[in-house]
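As a plain string of letters, each chain reads:
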Amino acid sequence: MEVVKIENVTRVYQIGKLETRALQGVNLSIASEEFTSLVGPSGSGKTTLLQMIGCLDQPTSGRVIVNGKDVTKLNRNQRADMRRENIGFIFQFFALIPTLSAYENIEMPLLLNGQGAGERKARVMELLKAVDLTDRANNRPDQLSGGQQQRVAIARALAPKPALILADEPTANLDTENGRQVMDIMQKLNKDTGVTFVFATHDPRVINYARRVVTLQDGLIEKESKPVKK
Amino acid sequence: MIQTLKMAFRDLGRNRRRSFFSSLAVGVGLAMLILMSSVVTGEMGGAIENAIKLQSGHIQIRAATYDENKSSLKWEDLVANPDEIANQIGALSQVKSATPRLYASGFLSSGNQSAGAKITGIDPLSPANDPYREGVISGSYLNPDDRDAVLIGKPMAEKLKLKVGDNVALSLNTADGNVQEQIFIVKGIYTTNTYGFDGATVFLPLIKAQAMTQTENHASAIFILLKDTAMTDTVIPVLSVPANLEVKSWKDLNALFVEWEAMAQSYIVIFYMIILAITASVIINTLIMSVYERTREIGILSAIGMRGGRIMMLFLAESSMLAVGGVILGLIIGVLGTLYFNVNGFYIGNMGLSGIVITDTIYAKLTMDNLVNLTIMTFVVTLLSGLYPAVMASRMQPVAALRAEK
Ligand SMILES: Nc1ncnc2c1ncn2[C@@H]1O[C@H](COP(=O)(O)OP(=O)(O)OP(=O)(O)O)[C@@H](O)[C@H]1O
Ligand SMILES: [Mg+2]
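Small disclaimer: the values here were computed from a predicted structure and weren't measured.

Brief notes about the overall build of chain A
Here's step 1: Regarding its fold elements, chain A presents 7 helices and 10 strands.
Here's step 2: Expected size for 230 residues packed as a compact globule is a radius of gyration near 17 Å; at 17 Å, chain A falls within 12% of this value.
Here's step 3: Burial status across chain A gives 57% buried among its 230 residues.
Here's step 4: Within chain A, contacts between residues separated by at least 24 positions form 69% of all contacts whose residues are at least 6 apart in sequence.
Here's step 5: Element-wise, carbon and sulfur atoms account for 47% of the exposed surface of chain A, whose accessible area totals about 9,900 Å².
Here's step 6: Between the averaged position of the 31 positive side-chain charges in chain A and that of its 26 negative side-chain charges there is a distance of 2 Å.

Observations regarding the sheet that holds strand 10 (residues 220-225) of chain A
Residue and element names in this part refer to chain A.
Here's step 1: In space, the 6 strands of this open sheet follow the order 6-7-8-3-9-10, with mixed pairing throughout. Two strands bound the open sheet, and with one partner strand each, they are strand 6 (87-90) and strand 10. Between one strand and the next, the sheet's axes are offset by a mean angle of 20°, whatever the strand orientation.
Here's step 2: With 4 bridges joining them, strand 3 (residues 35-39) and strand 9 (residues 212-217) adopt parallel strand pairing.

Considering the packing of helix 2 (residues 16-56) of chain B against helix 10 (residues 255-293) of chain B
Here's step 1: Contact geometry of helix 2 of chain B with helix 10 of chain B gives a least axis separation of 9 Å together with a crossing angle of 175°. When the interaxial angle is binned, helix 2 of chain B and helix 10 of chain B end up roughly antiparallel.

As for the nonpolar core
As a rule of thumb, nonpolar side chains are buried together in soluble globular proteins.
Here's step 1: Counting 53 residues, the largest nonpolar core has Ile6(A), Leu49(A), Ile53(A), Met108(A), Leu164(A), Leu166(A) and Phe315(B) as the members making the most contacts within it.
Here's step 2: Take this core: its biggest share by element is 5 residues, from helix 12 (residues 308-344) of chain B.
Here's step 3: Once you skip the residues sitting within four places of it in the chain, Leu164(A) turns out to touch Val3(A), Val4(A), Ile53(A), Asn86(A), Ile87(A), Gly88(A), Val195(A), Thr196(A) and Val198(A).
Here's step 4: With 43 residues, the next largest nonpolar core counts Leu78(B), Val95(B), Leu108(B) and Leu162(B) among its residues.

Considering the pattern of salt bridges
All names here are of chain A.
Here's step 1: Summed over all chains, the structure comprises 25 salt bridges over all chains.
Here's step 2: Residue Glu85 pairs with Arg84 through a salt bridge whose shortest N-O separation is 3.7 Å.
Here's step 3: We classify Glu85 as partly exposed; its relative accessible area is 44%.
Here's step 4: Looking at Arg84, the relative accessible area reads 13%, which means it is buried.
Here's step 5: Each of Glu7, Arg63, Asp70 and Lys73 takes part in one network of salt bridges that share partners.

Focus: the packing of aromatic side chains
Here's step 1: Tallied over the entire structure, the rule returns 10 aromatic pairs over all chains.
Here's step 2: Seen from their ring centres, Phe35(A) and Phe197(A) are 5.4 Å apart, and the 65° between their planes marks the pair as edge-to-face. Here Phe35(A) is found in strand 3, whereas its partner Phe197(A) is found in strand 8 (residues 196-200), with 162 residues between them in sequence.
Here's step 3: Given a relative accessible area of 0%, Phe197(A) falls into the buried group.
Here's step 4: Consider the rings of Phe197(B) and Phe203(B), whose centres lie 6.4 Å apart with planes at 45°: the pair is tilted.
Here's step 5: The exposure class assigned to Phe197(B) is buried, which follows from its relative accessible area of 4%.
Here's step 6: The class of Phe203(B) is buried, set by a relative accessible area of 1%.
Here's step 7: One aromatic cluster is present, built from ring pairs that chain together Tyr132(B), Tyr190(B), Phe197(B) and Phe203(B).
Here's step 8: Directly above the aromatic system of Phe223(B) lies the positively charged group of Arg101(B), at a separation of 3.6 Å from the ring centroid.

Some remarks on the sheet that holds strand 5 (residues 69-70) of chain A
All names here are of chain A.
Here's step 1: Strand order in the open sheet made by the 4 strands is 2-1-4-5, with antiparallel pairing throughout. If you trace the sheet from one side to the other, it starts and ends with strand 2 (18-31) and strand 5, each paired once.
Here's step 2: Summarising the sheet, strand 1 (residues 2-15) and strand 4 (residues 61-66) pair through 5 bridges and their orientation is antiparallel. Residue pairing across strands places Ile6 opposite Val64, the latter belonging to strand 4.
Here's step 3: Across the sheet, helix 1 (residues 46-53) is in contact with strand 1, strand 2 and strand 4; its angle to strand 1 comes to roughly 125°.

Description of the confidence of the model for chain A
Here's step 1: Mean pLDDT over chain A works out to 88, with 99% of the residues at or above the 70 mark.
Here's step 2: For chain A, helix 7 (residues 204-207) of chain A is the element with the lowest average pLDDT, namely 82, and strand 8 of chain A is the one with the highest, namely 92.

Calculation rules
Residues numbered from 1 in each chain as written. Chains lettered and ligands numbered in written order. Predicted model: local features only at pLDDT ≥ 70, side-chain atom pairs only at ≥ 80, totals over all residues. Heavy atoms only, no water. Helix = DSSP H or I, 4+ residues; strand = E, 2+ residues; numbered from the N terminus. Rg over C-alpha atoms; globule rule 2.2 N^0.38 Å. Buried < 20%, exposed > 50% of the residue type's maximum accessible area, 1.4 Å probe, protein only. Contact = heavy atoms within 4.5 Å. Areas by Shrake-Rupley, 256 points an atom, 1.4 Å probe, with all protein chains shown as cover. Lys, Arg positive; Asp, Glu negative; His and termini not counted. Charge placed at Lys NZ, Arg CZ, Asp CG, Glu CD. Pairing = 2+ DSSP bridges. Axes fitted to C-alpha atoms, helices over the stretch in contact; angles between N-to-C directions. Parallel < 35°, antiparallel > 145°, perpendicular 65-115°, else oblique. Core = buried A, V, L, I, M, F, W, Y, C linked by side-chain atoms within 4.5 Å. Salt bridge = Lys/Arg side-chain N within 4 Å of Asp/Glu carboxyl O. Phe/Tyr/Trp six-rings, centres within 6.5 Å; stacked < 30°, edge-to-face > 60°. Lys NZ or Arg CZ within 6 Å of the ring centre and 35° of its normal. pLDDT = per-residue confidence, 0-100.

Here it is in structure tokens:
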């Protein structure tokens, strides 16, 4: 089943008179349960493309279809609902709420979805276990290492059981060991739960985890490949 | 909802200093409003009551032709047989005291100093004159049959460098327009803590004043004090007086003062608004700063699907908490401050307003009405101030917010 379909998407940033064509007509389809990596040189449009898929930003032209819905036609609140219900995010800088504990950060999307207390607790505990942080539940982000923070972010992204998880450079701020651990967890979750992962990265070791690699160049898809190594 | 409050509370806790100072700003604003209103209430109530007690009485009966500014002593401008009328009115149940008074303009001189004075003939035994008797700070009060004794105010004594027992020359106008002069002895010096009054008013026994001005059995006015100011309007209609006389209420007699108070009241409203505007701008500023500081966090919340409305609630919850904290601080500071000025008074000294008798010291007086209204007003203004920053937060684009990376 197709989770994401991108049709002729362009995104032009305008700052004063300066126009930057970050995306110049991208077509891409992502099926469910994929584990796909977006690669390409800096400035090639990876982040911009993820933002389009994630309903964080609107394309200048073209259509973005997520879970069968044309998200370019949605208003602000509908896009927020779309993100809450279908999409999880993992960012390079972990992006946790600093005032909330690991537990509460993971619980946040469940609260937004209006789930009951018992249900929330069970889900958060399950996820804490999946990312191996049960003993860190009550720590605030500033009391956790980078790798631990990123694992909390993964758990938070997974909490509402989204169809799709988008990760922008998830390992860029982690050392090799932590980076590998994070990727292992993502891969395992992908296998176990079937959640679709799309991640943008520069990191060659990370690219090796991908089962599909999409290469961007100057806002266009240059090539696609499937790494031999699994 | 609980989570929203929890987050708001922790956010405030994260920047305790700033939260404290913005609450304090709200608190100081409220405290100033409370203090100001209680000083004004104290002054208003106090000043009018003071003017009634010392100068105008609740009601005066005068000749219809009497002109206060001229202190005319012509018989046709005076009240004839004043004791009779005073006794008759004094018998009414609402009346505390009714007593004749005679006013003459004159001046005192001692050595080469002299000063204009409002010579006032009073019946020393009437309870209406107790404030002067009680105000004697040296020497003694007048007797009805004193023939060469005067009671002068403290500012007058200072100006003419007079002590008890000193001689002072007193000249005044008489009924037929001549000037009469006599040497008196300063029998007592009084104060009513009302500079404008004490500096001008010199007392003589009524009989002596009548003799000196050749007004015989006449008075300028019957001075009437009631048991309660509120009774004024019910007493006036039941007073029957000879046709050539008229009845004046304290409102008529203090018209200038009443008007002045109304004007002061509207200036106070402007002050209130200034204080509230300052409070509001501090709050708006603080919250805008906090929105900018948390651009990234707002982006995260938005990315995980929090709607704009809910983000707004989060910031509104913060401003409500600041408002609650501020109001509590304000009530504590304001009420304590008012209590202090209620006991110790607020010294304003000589305001130098002629015709207006204001005590030198104002005692703050807080009414429940004022307290509740000002508290609600401050609270609402603080919440409204939180609105703009909250809307600003809710309108932030998630991408723009997320780009503001560390
Ligand atoms: N908000 C913006 N305003 C203006 N230009 C922007 C904005 N965001 C991105 N760009 C431009 O769009 C182009 C694509 O940026 P994007 O962030 O998508 O690249 P990227 O492939 O993610 O790069 P990197 O690997 O460095 O993260 C760049 O030239 C960038 O300067
Ligand atoms: Mg990028």
